[in-house]
Number of protein chains: 2
Amino acid sequence: MNFSIAEENYIKNIYHLQQQSELVNTNSLAYELQTKPASVTDMLKKLQIKNLLDYEKYKGFRLSSKGNKVAINIVRRHRLWEFFLVTKLGFEWDKVHAIAEELEHVSNQELIQKLDRFLNHPQTDPHGDPIPDGNGKMPVIHQLSMADVVEKKKVIVSSVGNQSPAILELLNHYHINIGTEIKINQRFSFDGSIEIKVGKYAACIISELVAKNIFVYHE
Amino acid sequence: MNFSIAEENYIKNIYHLQQQSELVNTNSLAYELQTKPASVTDMLKKLQIKNLLDYEKYKGFRLSSKGNKVAINIVRRHRLWEFFLVTKLGFEWDKVHAIAEELEHVSNQELIQKLDRFLNHPQTDPHGDPIPDGNGKMPVIHQLSMADVVEKKKVIVSSVGNQSPAILELLNHYHINIGTEIKINQRFSFDGSIEIKVGKYAACIISELVAKNIFVYHE
DNA sequence: ATTAATTTTTAGACAAATCTAAAAAAAAGA
DNA sequence: TCTTTTTTTTAGATTTGTCTAAAAATTAAT
Ligand SMILES: [Mn+2]
Ligand SMILES: [Mn+2]
Ligand SMILES: [Mn+2]
Ligand SMILES: [Mn+2]
């Protein structure tokens, strides 16, 4: 079955909101899609009719298992294209989201399968997020928030929680990218800030909020 | 300025029809777009308001110079993606048109510029059609119809006029592709058919209609 | 337990792109 | 030239996705 661009954007955003809370509510989806709650309600009805959504009036909603499969497929396309844009076309990692937002809607199965092979079946996108395989299986990425890492450890950046241009700008300033090696020097309990050393650059301090949004793995 | 997918499809198809006849008429565009003449008339009005079209009721229409620029840009995107699909993803040349038909509408300037560089600024798409550069300039491809080639000459296939699945199926059968070397053995005046030798395969005969649709260049 | 605030849904309208059926204009034929 | 046929346009309807304003349901506060 094939879905419109609008339907796909709704499905994908419901999926993302579900990662944070089991049930999704109308207002937060409207905010995410930059649209009005009334428009969301209209679309929810359509998605329910197509069996993509479990939805009870006024009670919130979640994707059905069918809807979940569709969502994961869109996420797969989005992240594969992001990987392509960065590794093949040389885009900066903070510039690819908007373009992938369009490319993800070209839903030819063979295209995505061949793109995946061309890219050598990447496990994570340029933001460190896992790329589901053709069967919808997410590769397990064992990562933890930098706010939880023990002192003196060396870690490697694997993903960024909040992907707003604002945080990406800040990370660029700190010379932090996916794959960057960081040493945790010291954690200050007063405000949760952390002194770190990035590569060969002088040690610096990041706020707790930033630390929480940087995901890393050991070794 | 940005255009909807529907608008872009109209603009591109008007452009292609103009290659064959100066003025375009409603019915042929409707046929090309697989839609109804009434729908075409509606869209023509919109395109005229946006200064993309020179249009006089009942008199036919042509792209304005602004419309022409937009069209060439869409053609550029379409052909670059086709080239990508064949050379990088390994698609057969007769399978890429439908996919490029969607990809062409992702209209990020930087994307196309970087894609072009990644592909090493290709001059022709997998069907031998020229790819306009970023300024809209078409590279000159000196090719002629195989129906006009002199006997005994060796030629190289550069493009195919009619790109229907039907002719592509036939060409595959003859082992003819873009870049294939063909020797013209003999032309039969009775029906305009031509005996040719394709690579190492046994000599065979193609109809005049096929010959007219195969474009080649010398040496 | 009422009242007030928030969230969600309905009602009704609108723009884009399409359609069918009918009218108008142009082209072709007698 | 005067019909007839073909082409093109209008009129009016439909579908998709959106909106505003108002009503209904839920949740929070007094
Ligand atoms: Mn999108
Ligand atoms: Mn991403
Ligand atoms: Mn298209
Ligand atoms: Mn082509």
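Residues numbered from 1 in each chain as written. Chains lettered and ligands numbered in written order. Predicted model: local features only at pLDDT ≥ 70, side-chain atom pairs only at ≥ 80, totals over all residues. Heavy atoms only, no water.

**Describing the protein's contact with DNA strand C**
Taken together, 20 residues surround DNA strand C, and among them Tyr55 and Lys57 of chain A together with Ser4, Thr35 and Ser39 of chain B come closest. When atoms of DNA strand C within 4 Å of the protein are split into backbone and base, the sugar-phosphate part holds 74%. At a separation of 2.6 Å, a phosphate oxygen of DNA strand C approaches a polar side-chain atom of Lys57 of chain A. At a separation of 3.1 Å, a phosphate oxygen of DNA strand C approaches a polar backbone atom of Tyr58 of chain A. Looking at the surface near DNA strand C, the elements that each hand over two or more residues are α2 (26–32) and α3 (37–49) of chain A together with α1 (5–18) and α3 (37–49) of chain B. Residues belonging to the surface near DNA strand C are distributed by class as follows: 8 nonpolar, 7 polar and 5 charged. (Near = heavy atom within 4 Å. Polar contact = N/O pair within 3.5 Å; in protein donor to acceptor, adjacent residues only side chain to side chain. Helix = DSSP H or I, 4+ residues; strand = E, 2+ residues; numbered from the N terminus. Nonpolar A, V, L, I, M, F, W, Y, C, P; charged D, E, K, R; others polar.)

**Section: the relation of the copies chain B and chain A**
You can overlay chain B on chain A at an RMSD of 0.1 Å; the transform is a turn of 180° with a shift of 0.0 Å along its axis. With respect to symmetry, the two chain copies, as superposed, fit the operation of a two-fold axis. Across chain B, the smallest distance between a C-alpha and the rotation axis is recorded for Leu103 of chain B, namely 3.6 Å. Here 100% of the contact residues of chain B are again contact residues in chain A; the copies associate through an equivalent surface. (Least-squares fit on C-alpha atoms with pLDDT ≥ 70 in both. Contact = heavy atoms within 4.5 Å.)

**Some thoughts on the coordination of the manganese ion (ligand 3)**
Residues and elements named next belong to chain B. For the manganese ion (ligand 3), the full set of protein donor atoms is Asn9 (OD1), Glu101 (O), Glu101 (OE), Glu104 (OE) and His105 (NE2), and the range of their distances to it is 2.0 to 2.6 Å. Sequence spacing among the residues donating to the manganese ion (ligand 3) works out to N-x91-E-x2-E-H. Here Glu104 lies in the loop between α5 (97–103) and α6 (109–118) and Asn9 lies in helix α1, a separation of 95 residues in the sequence. For the pair formed by Asn9 and Glu104, the shared burial category is buried. (Donors = N, O, S within 2.8 Å, 3.2 Å for Na, K, Ca; no water. Buried < 20%, exposed > 50% of the residue type's maximum accessible area, 1.4 Å probe, protein only.)

**Observations regarding the coordination of the manganese ion (ligand 2)**
Residues and elements named next belong to chain A. Looking at the manganese ion (ligand 2), the protein donor atoms are Glu82 (OE), Asp125 (OD) and His127 (ND1), and they sit 2.1 to 2.4 Å from it. Sequence spacing of the donor residues for the manganese ion (ligand 2), all on one chain, is E-x42-D-x1-H. Note on accessibility: Asp125 and His127 belong to one class, buried.

**Let's talk about the packing of helix α4 (residues 65–87) of chain A against helix α6 (residues 109–118) of chain A**
Residue and element names in this part refer to chain A. It is at 10 Å that the axes of α4 and α6 come closest, and there the two elements cross at 45°. Considering the angle they form, α4 stands oblique to α6. You can see that α4 and α6 cross each other, and the crossing is left-handed. Contacts from Asn73, Arg76, Arg77, Leu80, Trp81 and Phe84 of α4 reach α6 at Gln109, Leu111, Ile112, Gln113, Leu115, Asp116 and Phe118. Tallied by class, residues from the contact of α4 with α6 come to 7 nonpolar, 3 polar and 3 charged. (Axes fitted to C-alpha atoms, helices over the stretch in contact; angles between N-to-C directions. Parallel < 35°, antiparallel > 145°, perpendicular 65-115°, else oblique. Left-handed = near helix turned anticlockwise from the far one by under 90°.)

**Points about the packing of aromatic side chains**
Scanning all chains against the criterion turns up 9 aromatic pairs over all chains. Both rings, one in Tyr55 of chain A and one in Phe61 of chain A, keep their centres 6.1 Å apart while their planes meet at 80°; by these two values the pair is edge-to-face. For the pair formed by Tyr55 of chain A and Phe61 of chain A, the shared burial category is buried. Ring geometry for Trp81 of chain A against Trp81 of chain B: centres 6.0 Å apart, planes inclined by 80°, an arrangement best described as edge-to-face. With Trp81 of chain A in helix α4 and Trp81 of chain B in helix α4 (residues 65–87), the pair connects residues from two separate chains. An aromatic cluster is present here, built from Trp81, Phe84 and Phe118 of chain A together with Trp81, Phe84 and Phe118 of chain B joined pairwise through their rings. Here the guanidinium or amino end of Lys88 of chain B rests over the ring plane of Phe118 of chain B, the centre of that ring lying 4.6 Å away. The ring centre of Phe91 of chain A lies 4.7 Å from the NZ or CZ of Lys114 of chain B, which sits over that ring. (Phe/Tyr/Trp six-rings, centres within 6.5 Å; stacked < 30°, edge-to-face > 60°. Lys NZ or Arg CZ within 6 Å of the ring centre and 35° of its normal.)

**Some remarks on the protein's contact with DNA strand D**
Neighbouring DNA strand D are 20 residues; Ser4, Thr35 and Ser39 of chain A together with Tyr55 and Lys57 of chain B lie closest to it. One nitrogen or oxygen atom from the side chain of Ser4 of chain A is found 2.5 Å from a phosphate oxygen belonging to DNA strand D. Within the backbone of Tyr58 of chain B, an N or O atom sits 3.1 Å from a phosphate oxygen of DNA strand D. Contributing elements (two or more residues each) for the surface near DNA strand D: α1 (5–18) and α3 of chain A together with α2 (26–32) and α3 of chain B. When grouped by side-chain class, the residues that make up the surface near DNA strand D number 8 nonpolar, 7 polar and 5 charged.

**A closer look at the interface of chain B and chain A**
Listed per partner, the contact involves 20 residues of chain B and 20 residues of chain A. For the pair chain B and chain A, the two sides together bury roughly 1,600 Å², of which 82% comes from carbon and sulfur. The interface formed by chain B and chain A includes 0 salt bridges. Inspection of the chain B/chain A interface yields 0 residue pairs in polar contact (both at pLDDT 80 or more). The set of elements that each furnish at least two residues to the side of chain B that touches chain A consists of α4, α5 and α6 of chain B. Top element by residues in the side of chain B that touches chain A is α6 of chain B. It accounts for 5 residues. Partitioning the side of chain B that touches chain A into residue classes produces 12 nonpolar, 4 polar and 4 charged. (Buried area = accessible area lost by both parts, 1.4 Å probe. Salt bridge = Lys/Arg side-chain N within 4 Å of Asp/Glu carboxyl O.)

**A closer look at the nonpolar core**
Membership of the largest hydrophobic core comes to 36 residues, with the highest contact counts inside it found for Trp81 and Phe84 of chain A together with Trp81 and Phe84 of chain B. For this core, the secondary-structure elements that each account for two or more residues are α4, α5 (97–103) and α6 of chain A together with α4, α5 and α6 of chain B. Beyond its immediate stretch of four places on either side in the chain, Phe84 of chain B contacts Trp81, Phe84, Leu115 and Phe118 of chain A together with Leu89, Leu115, Phe118 and Leu119 of chain B. (Core = buried A, V, L, I, M, F, W, Y, C linked by side-chain atoms within 4.5 Å.)

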